[in-house]
Amino acid sequence: MHVFTVQGMTCGHCVKAVTAAVHEQDAAATVEVNLAGKQVRVDSQLAADKILAAIREEGYQAEPA
């Protein structure tokens, strides 16, 4: 399980964009987004840096929590 703090998420579209970005890297990943807490939890075998890169490519500032 990876947990990231993601700045810039404000709406349902943001949730879909972040989720889709992770699923492009790992279609089997489980993604949970908490808009209020600015956190994204990802259950995936991918390395954290690959997940961070995918989220950042969508234009969000992401760091390990």
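This text follows the structure it describes.
Quick look at the structure, then. (Residues numbered from 1 in each chain as written. Predicted model: local features only at pLDDT ≥ 70, side-chain atom pairs only at ≥ 80, totals over all residues. Heavy atoms only, no water.)

## A word on unusual backbone geometry
Point 1. If you check the backbone angles, Lys38 has positive phi at about 55° while not being a glycine.
Point 2. Its place among the elements puts Lys38 in the loop between strand E2 (30-34) and strand E3 (39-43). (Helix = DSSP H or I, 4+ residues; strand = E, 2+ residues; numbered from the N terminus.)

## Thoughts on the nonpolar core
Point 1. Counting residues in hydrophobic clusters, the biggest one holds 17 residues, and the most contacted among them are Val6, Ile55 and Tyr60.
Point 2. Those elements that provide at least two residues to this core are strand E1 (2-7), helix H1 (12-25), E3 and helix H2 (48-57).
Point 3. Among the elements that line this core, the one with the most residues is H1, at four residues.
Point 4. Apart from the residues within four sequence positions on either side, Val6 is in contact with Lys38, Val40, Ile55, Tyr60, Gln61 and Ala62. (Core = buried A, V, L, I, M, F, W, Y, C linked by side-chain atoms within 4.5 Å. Buried < 20%, exposed > 50% of the residue type's maximum accessible area, 1.4 Å probe, protein only. Contact = heavy atoms within 4.5 Å.)

## A few points about the sheet that holds strand E4 (residues 61-64)
Point 1. Reading across from one edge, E2-E3-E1-E4 is the order of the four strands in this open sheet, with antiparallel pairing throughout. Since the sheet does not close on itself, it has two edges, and those belong to E2 and E4, each with one partner. Strand-to-strand, the axes of this sheet are offset by a mean angle of 25°, without reference to chain direction.
Point 2. Contacting E2 and E3, H1 crosses the sheet at an angle of about 155° to E2. (Pairing = 2+ DSSP bridges. Axes fitted to C-alpha atoms, helices over the stretch in contact; angles between N-to-C directions.)

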